[in-house]
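# An overview of the molecular structure
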Amino acid sequence: MTMRSITIAILALVLMTGASCEKKNDGPSSGTLELRCKATFGGEDLIIGKAFAYPLNNSALKFYLVDYLLSNVRLVDGQGKDYVLNEVDIIDFSQTNTDPAKAAAGITLRFEGIPVGTYPSLVVGVGVDTVVNRTKPQDYPSGHPLSIGANRYWDAWSSFIFTKTQGLADINGTGVFSLPFSYHTGGDGLYREITFQHSTVIKGGQVTTAGLDLDVRALLQQQDGNYWDIEAQPNAHTPGEPAMLLIMDNYQHAFSMF
Amino acid sequence: MHFLCSRAIALSVSVGLAVLLLGSCERDDPKPDCMDCDLTGIPYSPTPHSVLIPADFPQLEIPADNPLTVEGIALGRRLFYDPRLSADSTMSCASCHLPEFGFTDGKAFSLGVDGLLGKRSSMSLANIGFAYHGLFWDGRAATLEDQALMPVEDPLELHEDWANVVDKLIRSAEYPTWFRQAFGIKDKRDITKELAVKAIAQFERTLISANSRYDALFIRFEDFPTEEEQLGYDLFFDFEPSVPDAECGHCHGSVLLTTNNYFNNAIDSVGNLNEFADPGRGKVTGNYLDNGRFRAPTFAQRGADSSVYA
């Protein structure tokens, strides 16, 4: 190896290392929003496999799968103009909320390059809109939230599965969690958008944080204040089933920003 | 930050120099004399190969460092069927992955070269190129290339040493030429296990199954199903509300008849998640919630009338 080629190699290494050290800062005209998504149950952090008292017949629930598709997240400025932050992400608490520390931390989505400004409202979608719901998993590369491997498509209904809420129920307070329950939602007409009047200020080169909490207990509360009878209908995965409509409508008030 | 960056640059330069110099030493270190090891007289002009993918299938994602070539696939096919990959040269990959059984062997537990039963059955390789979430039943291999390394040295499978396999390949009359044509090696002693598994993975990516009666009926709509076939389809996927849902489609959905995801099929009766004799996926991820979960196999190409094409 000649001295000349060694010199060139060193120069290349320095340039490469320099490039890797370069931080992708937002410029003075843009900033970053970190959206921290959490799951709770009646105010307590939701921990996978932990028993939570369910306000019906002295029963209790353990959750093993709680997730939802979060799509079309956007900030809306004072003139009503949208700044779109994402297409779709899976917020899956079953892999993260396995201990109290992780449950408290939640799942953070990071959106960079947002124009500086004050945005009076934030909009989030649960599920996917009808345009995206016309696509199929095979249209997406591996690793995409809608790809085949994500395992969230119903061939029978030609729809992505918007949310999954699964676990075991102790239906009469005996301490035995023997009733599996599973509520999957999806289908055209069940996509929901929720608008929060939450002022988000994006500053140049800075990170702004916001929190989005999902109270899973509130997903199961009916309009009359009573809670869904899990023993009577422990499963739902056919579009149009009452439990499906209940859950999707309830995202409106099960979500809160912090 | 600037201080850290300067230190990082200095460290990188030092390490880089060392690597470069070592690399140059290796390159300059001549191999021992070998009269017939030079392969440079054999032409190396690999032919790119495009796999024929049905329109409804997902994209076949191919690693950038292992593009499909006619020569690479041919080499992989030869290795796949070659018993020299086993300790006593009696078993090949194809001994447990038979084309007539959808590239499995139809047995609950596969028999290894020493006559010992394996812990699990051999998985189908039909459409295996689309398995992007791990290989084997528990997903412990990330890629087809990683996967192909393991059965050779598994005591319950081929129970051979890769060094021995490579030695056999180097000493063979044909393999050095085939490796040269596939990968451009200049010396027969450049054959490595890494190149061997690259070739096997190339071959496996061509195992596309889309020509079964199921595909003709329910994917391409070329014929009318019988009453029983339609009933089975409705049961499987819950298409018809008046027919009970057999719940099969949850794990065996999509055009591939699997999502290649991990599930528990409730066959094992356990008191809690830590009681599974075979923890499956949980042993790989370390998450007890994954205990008892295994990759859902595809049902593609299970019929005797199926064929594989690429």
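Residues numbered from 1 in each chain as written. Chains lettered and ligands numbered in written order. Predicted model: local features only at pLDDT ≥ 70, side-chain atom pairs only at ≥ 80, totals over all residues. Heavy atoms only, no water.

## Re the overall build of chain B
- A tally of regular secondary structure across chain B gives nine helices and four strands.
- Listed N to C, the secondary structure of chain B is α-α-α-α-α-α-β-α-α-β-α-β-β in terms of helices and strands.
- When the 310 residues of chain B are sorted by exposure, 45% land in the buried category.
- Of all intrachain contacts in chain B linking residues separated by at least 6 positions in sequence, the fraction that spans at least 24 positions is 57%. (Helix = DSSP H or I, 4+ residues; strand = E, 2+ residues; numbered from the N terminus. Buried < 20%, exposed > 50% of the residue type's maximum accessible area, 1.4 Å probe, protein only. Contact = heavy atoms within 4.5 Å.)

## Topic: the overall build of chain A
- From N to C terminus, chain A includes five helices and 17 strands.
- The buried share of chain A, taken over its 258 residues, is 50%.
- Contacts spanning at least 24 positions in sequence make up 73% of the contacts within chain A whose residues lie at least 6 apart.
- On chain A, roughly 11,500 Å² of surface is accessible, and the fraction owed to carbon and sulfur atoms is 53%. (Areas by Shrake-Rupley, 256 points an atom, 1.4 Å probe, with all protein chains shown as cover.)

## Remarks on the state of the cysteines
- Under the counting rule described, the total for this entry stands at zero disulfides over all chains.
- Here Cys-96 of chain B stays unpaired: no disulfide links it, and the sulfur of Cys-93 of chain B, its closest cysteine neighbor, is 9.1 Å away. (Disulfide = S-S within 2.5 Å.)

## What about the packing of helix α3 (residues 144-153) of chain B against helix α6 (residues 193-204) of chain B?
Residues and elements named next belong to chain B.
- Packing of α3 against α6 leaves a shortest axis separation of 8 Å and a crossing angle of 115 degrees. By crossing handedness, the relation of α3 to α6 is classed as right-handed. Mapping the contact onto sequence places Leu-144, Glu-145, Gln-147, Ala-148 and Leu-149 in α3 and Lys-193, Val-197, Lys-198, Ile-200, Ala-201 and Glu-204 in α6. (Axes fitted to C-alpha atoms, helices over the stretch in contact; angles between N-to-C directions. Left-handed = near helix turned anticlockwise from the far one by under 90°.)

## Notes on α3 of chain B
Residues and elements named next belong to chain B.
- For α3, every residue scored as buried is listed here: Leu-144, Glu-145, Gln-147, Ala-148, Pro-151 and Val-152. Looking down the long axis of α3, one finds its buried residues gathered within 160 degrees of arc, a one-sided arrangement.
- Looking at the buried side of α3, the elements it contacts are α4 (162-171) and α6. (Arc of directions from axis to C-beta.)

## Considerations on α6 of chain B
Residues and elements named next belong to chain B.
- Here α6 is twelve residues long and its end C-alpha atoms lie 16 Å apart, about the 16 Å a rise of 1.5 Å per residue gives.
- For α6, the tally of buried residues reaches nine of twelve residues, placing the bulk of the element in the interior.
- Those residues of α6 that sit buried are Leu-195, Ala-196, Val-197, Ala-199, Ile-200, Ala-201, Gln-202, Phe-203 and Glu-204.
- As for α6, its buried residues are in contact with α2 (70-80), α3, α4 and α5 (175-183). (Expected span 1.5 Å × (residues − 1).)

## Details of the nonpolar core
- If you look at the biggest cluster of nonpolar residues, it comprises 70 residues, and the most contacted ones within it are Tyr-68, Leu-70, Leu-212, Ile-230, Tyr-251 and Phe-255 of chain A.
- In terms of residue count, the dominant contributor to this core is strand β4 (residues 59-76) of chain A (eight residues).
- The next biggest cluster of nonpolar side chains, apart from the first, holds 53 residues, and it includes Leu-85, Phe-136, Ile-200 and Ile-219 of chain B. (Core = buried A, V, L, I, M, F, W, Y, C linked by side-chain atoms within 4.5 Å.)

## Side note on the packing of aromatic side chains
- This model, assessed by the stated rule, comprises 29 aromatic pairs over all chains.
- When the centroid spacing of 5.6 Å and the interplanar angle of 50 degrees are considered together, the rings of Phe-41 of chain A and Phe-63 of chain A count as tilted. Of this pair, Phe-41 of chain A sits in strand β1 (residues 30-41) while Phe-63 of chain A sits in strand β4, and the two are 22 residues apart along the sequence. Note on accessibility: Phe-41 of chain A and Phe-63 of chain A belong to one class, buried.
- Each member of the aromatic cluster is reached from another via a ring pair, and the members are Tyr-214, Phe-218, Tyr-233, Phe-236, Phe-237, Phe-239 and Phe-299 of chain B. (Phe/Tyr/Trp six-rings, centres within 6.5 Å; stacked < 30°, edge-to-face > 60°.)

## Let's talk about unusual backbone geometry
- Phi angles above zero are rare outside glycine, and Asn-58 of chain A is one such case at about 60 degrees.
- With relative accessibility at 62%, the residue Asn-58 of chain A sits in the exposed group.
- The phi angle at Phe-103 of chain B is positive, at roughly 65 degrees, despite the residue not being glycine.
- Mapped onto the fold, Phe-103 of chain B is located in the loop between α2 and α3.

## Quick look at the environment of Gln-230 of chain B
Residues and elements named next belong to chain B.
- Looking at the secondary structure, you find Gln-230 in helix α8 (residues 227-237).
- Taking relative accessible area as the criterion, Gln-230 reaches 29% and is therefore assigned partly exposed.
- Each C-alpha atom, one on Gln-230 and one on Ala-148, is 38 Å from the other, the two residues being 82 residues apart in sequence.

## Some details on the environment of Gly-72 of chain B
Residue and element names in this part refer to chain B.
- The residue Gly-72 is located in helix α2 in this model.
- Sequence separation of Gly-72 and Val-255 is 183 residues, and the distance between their C-alpha atoms is 28 Å.
- Residues in contact with Gly-72, not counting those within four places in the same chain, are Ala-182, Ala-199 and Gln-202.

## Quick word on the confidence of the model for chain A
- Chain-level pLDDT for chain A is 90 on average; 90% of the residues reach the 70-or-more range.
- Across residues 1-23 of chain A, where pLDDT falls below 50, the model places 21 contacts with residues more than four positions away in sequence or in other chains. (pLDDT = per-residue confidence, 0-100.)

## Side note on the confidence of the model for chain B
Residue and element names in this part refer to chain B.
- Overall, the prediction assigns chain B a mean pLDDT of 86, with 86% of residues at 70 or greater.
- Within the model, the stretch residues 1-29 combines pLDDT values under 50 with 20 contacts to residues more than four positions away or in other chains.
- This model gives residues 303-310 a pLDDT under 50, and the stretch forms 21 contacts once residues within four places in sequence are excluded.
- Across the assembled chains, the prediction reports ipTM 0.76 with pTM 0.82.

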